[in-house]
Amino acid sequence: MEKIKAGFAAWNARRDAVPPEKCKHLRDRLGDEDKLGTDEEAAYLAEVEERKKRGEYWG
């Protein structure tokens, strides 16, 4: 178990060393972008902008 934990710690250290401008956003929820082209598009895009301001969206 300790070997597995050490492996995760090493991976997290490599991930945390990547500068924010080189990060790519991975969707938090399956199908986020399914709202594009629907009547919910404006609300979705506003939510994305808020998440960007909070640093929670790197897309």
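What counts as what
- Residues numbered from 1 in each chain as written.
- Predicted model: local features only at pLDDT ≥ 70, side-chain atom pairs only at ≥ 80, totals over all residues.
- Heavy atoms only, no water.
- Helix = DSSP H or I, 4+ residues; strand = E, 2+ residues; numbered from the N terminus.
- Buried < 20%, exposed > 50% of the residue type's maximum accessible area, 1.4 Å probe, protein only.
- Areas by Shrake-Rupley, 256 points an atom, 1.4 Å probe, with all protein chains shown as cover.
- Patch = residues over 30% accessible without salt bridge, like charges linked within 9 Å, V, L, I, M, F, W, Y side chains within 5 Å.
- Salt bridge = Lys/Arg side-chain N within 4 Å of Asp/Glu carboxyl O.
- Expected span 1.5 Å × (residues − 1).
- Arc of directions from axis to C-beta.

A. Structural detail: the overall build of the chain. Helix and strand counts for the chain stand at two helices and zero strands. The buried share of the chain, reckoned over its 59 residues, is 12%. When the accessible surface of the chain is summed, it comes to about 5,200 Å², and 57% of that surface belongs to carbon and sulfur atoms.

B. A nonpolar patch on the surface, seen in detail. Nonpolar side chains collect at one region of the surface, where M1, I4 and F8 lie side by side and expose about 390 Å² of accessible area between them. Checked against the element boundaries, F8 lands in helix α1 (residues 2-16).

C. Seen up close, the pattern of salt bridges. If you walk through the whole model with that rule in mind, you get three salt bridges. Note that E50 and K53 form a salt bridge whose closest N and O atoms lie 3.6 Å from each other. Note that E50 and K53 are positioned in helix α2 (residues 41-54) at a spacing of three residues, about one turn of the helix. By relative accessible area, which is 65% here, K53 ends up exposed.

D. Region of interest: α2. Taking 1.5 Å per residue, 14 residues should reach 20 Å; α2 reaches 20 Å between its end C-alpha atoms and fits that length. Those residues of α2 that fall on the buried side of the exposure criterion are Y44, V48 and R51. One side of α2 holds all its buried residues, which, seen down the axis, span an arc of 65°. Of the exposed residues in α2, those oriented more than 90 degrees away from the buried face are A42, A43 and K53. Following α2 by one or two positions, G55 adopts a phi angle in the positive range, close to 80°.

E. Representation of the environment of L36. Its place among the elements puts L36 in the loop between α1 and α2. L36 sits in the partly exposed class, given a relative accessible area of 38%.

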